[in-house]
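For reference, the chains in residue letters:
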Amino acid sequence: MVVETKYDIGQEVWCFFCDVIVSGTILEIIISEYDTLYKLCMDLQMPCICVDENKCFPSKEELLKSL
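Residues numbered from 1 in each chain as written. Predicted model: local features only at pLDDT ≥ 70, side-chain atom pairs only at ≥ 80, totals over all residues. Heavy atoms only, no water.

1. As for the pairing of strand E1 (residues 12-17)
This is how it is decided: Two strands pair under a simple rule: DSSP has to find at least two bridges between them. Runs of E in the DSSP output that reach at least two residues are strands. Runs of H or I that reach at least four are helices, and both are numbered from the N terminus.
For E1 and strand E2 (residues 20-31), the ladder comprises 6 bridges, and the chain directions are antiparallel. Opposite Val13, over in E2, you have Gly24 as the bridge partner. Between the antiparallel neighbours E1 and E2 lie 2 residues, among them Cys18 with a positive phi of about 55 degrees.

2. Observations concerning a nonpolar patch on the surface
Stated formally: Patch membership requires over 30% relative accessible area and the absence of a salt bridge. Like charges are linked within 9 Å, and nonpolar side chains (Val, Leu, Ile, Met, Phe, Trp, Tyr) within 5 Å. To measure how exposed things are, a 1.4 Å probe is used in the Shrake-Rupley method; for residues, cover is taken only from the protein chains shown. Take a side-chain nitrogen of Lys or Arg and a carboxyl oxygen of Asp or Glu: if they are within 4 Å of each other, that pair is a salt bridge.
On the surface, a nonpolar cluster with roughly 370 Å² of combined accessible area is contributed by Met1, Val3 and Ile31. If you trace the backbone, Val3 turns up in the segment before E1.

3. Quick word on the nonpolar core
Note the threshold: Put simply, buried Ala, Val, Leu, Ile, Met, Phe, Trp, Tyr and Cys residues joined by side-chain atoms within 4.5 Å make one nonpolar core. The cut-offs for exposure are 20% and 50% of the maximum accessible area for each residue type, with area from a 1.4 Å probe on protein chains only; residues under the lower value are buried, those over the upper are exposed, and the others partly exposed.
In terms of nonpolar packing, the biggest core is built from 11 residues, these being Tyr7, Val13, Cys15, Val22, Ile26, Tyr38, Leu40, Met42, Ile49, Val51 and Cys56. If you list the elements that add at least two residues to this core, you get E1, E2, strand E3 (36-41) and strand E4 (49-52).

4. Remarks on the sheet that holds E4
Note the threshold: Where helices are involved, their axes are fitted lines through C-alpha atoms of the stretch in contact, as for all axes, and angles between N-to-C directions lie from 0 to 180°.
Taking strand neighbours across the sheet as the criterion, the 4 strands line up as E1-E2-E3-E4 in an open arrangement whose pairing is antiparallel. Every interior strand has two partners, whereas the edge strands, E1 and E4, have only one. Neighbour to neighbour, the strand axes of the sheet diverge by 55 degrees on average, direction disregarded.

5. Focus: the state of the cysteines
Condition: Two cysteine sulfurs form what is called a disulfide whenever their separation falls within 2.5 Å.
Inspection of the entire model under this criterion finds 0 disulfides. For Cys48, which is in no disulfide, the shortest distance to another cysteine sulfur is to Cys41 and amounts to 4.2 Å. Exposure remark for Cys48: the relative accessible area of 35% places this residue in the partly exposed category.

The quantities given are spatial measurements derived from coordinates; they are silent on function.
Shown next as structure tokens:
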């Protein structure tokens, strides 16, 4: 079975976290029956977070256009 995702491991994506626009590198892809999550690492001072695939964008500009 082949699963298609919007983004790949190692790719930078943009999203909202605590009402702030942030970018992070995808470390892990978590696929469940209902959704796809990306485990993102922003920098060394912040722990990793999991973000839904539908809330990730390839650039800051795309994220701002979605508002």
